[in-house]
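A structural walkthrough
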Amino acid sequence: AWKDGDPALQASIELNFIQELATRSCLAATDDLSSRCRRVLRPWHRSKDAEGVDEMLFRVHSAFVFRYLSCANAGIRRRAGMLLAEAMPLQDPSLSAAELDDSLQEQFDCLKRMIKDPCPHVREAGVHAICRVIGVYWEAVPAGSIRTLLNTMVSPCVMLGWP
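It should be emphasised that the depicted structure is a prediction, and the values quoted were computed from it without experimental measurement.

Moving on, we get to the overall build of the protein. Each helix and strand in the protein was counted, giving eight helices and zero strands. Reading the protein from its N end, one meets helices and strands in the order α-α-α-α-α-α-α-α. The C-alpha atoms of the protein give a radius of gyration of 16 Å, which matches the 15 Å a tight globule of 163 residues would have. For the C-alpha atoms alone, the extent of the protein along its principal axes is close to 60 × 40 × 20 Å.

A word on the packing of helix H1 (residues 7–27) against helix H3 (residues 53–62). One way to put it is that H1 packs onto H3 with a least axis distance of 9 Å and a crossing angle of 65°. Of the two possible hands of crossing, H1 and H3 adopt the one that is right-handed. Within the contact between the two elements, H1 uses Glu14, Ile18, Gln19 and Ala22 and H3 uses Met56, Arg59, Val60 and His61. Taken together, the residues of the contact of H1 with H3 break down into four nonpolar, two polar and two charged.

Next up on the list: unusual backbone geometry. Following Met88, the chain continues into Pro89 via a peptide bond in cis, with omega recorded as -5°. Tracing the sequence through the fold places Pro89 in the loop between helix H5 (74–87) and helix H6 (97–115).

Turning our eyes to something else, we now look at the side chain of Ser145. For Ser145, the location among the structural elements is in helix H8 (residues 143–160). We classify Ser145 as buried; its relative accessible area is 11%. Beyond its immediate stretch of four places on either side in the chain, Ser145 contacts Gln105 and Phe108.

Calculation criteria
Residues numbered from 1 in each chain as written. Predicted model: local features only at pLDDT ≥ 70, side-chain atom pairs only at ≥ 80, totals over all residues. Heavy atoms only, no water. Helix = DSSP H or I, 4+ residues; strand = E, 2+ residues; numbered from the N terminus. Rg over C-alpha atoms; globule rule 2.2 N^0.38 Å. Axes fitted to C-alpha atoms, helices over the stretch in contact; angles between N-to-C directions. Left-handed = near helix turned anticlockwise from the far one by under 90°. Contact = heavy atoms within 4.5 Å. Nonpolar A, V, L, I, M, F, W, Y, C, P; charged D, E, K, R; others polar. Buried < 20%, exposed > 50% of the residue type's maximum accessible area, 1.4 Å probe, protein only.

Okay, structure coming up:
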């Protein structure tokens, strides 16, 4: 219905279903409910090559996910990071190359902030998010970003003398 509908129907589905479900995945009372919301969104996250999906995901997620990644509630930060990891890379095909690079760098910066978060649950989600993004998009992620993310993740362990 979203793909084949008229623009008014598409906008309604985006706002009243997809964005609402994505928002609820961040604001869910439990991680289990958040996981179930993300599971419903997964077909869109996996269909980024379909026409219009990438642009729609960028529009829907950028409306709130970056704000939630810096809120005071650690649970919301954790769940927003998990959503970002599943939706990455969020990109709008209509952006210029420079704007697209800036947008991707902002997403990598969010992952890096998760690793440095004071809450261990957010840091754990950050590690999972970084590993997922690097694992799935190894060839597409710039080498400098991979190096920075891995150094940010591994350096504290080395400093503490962990095995």
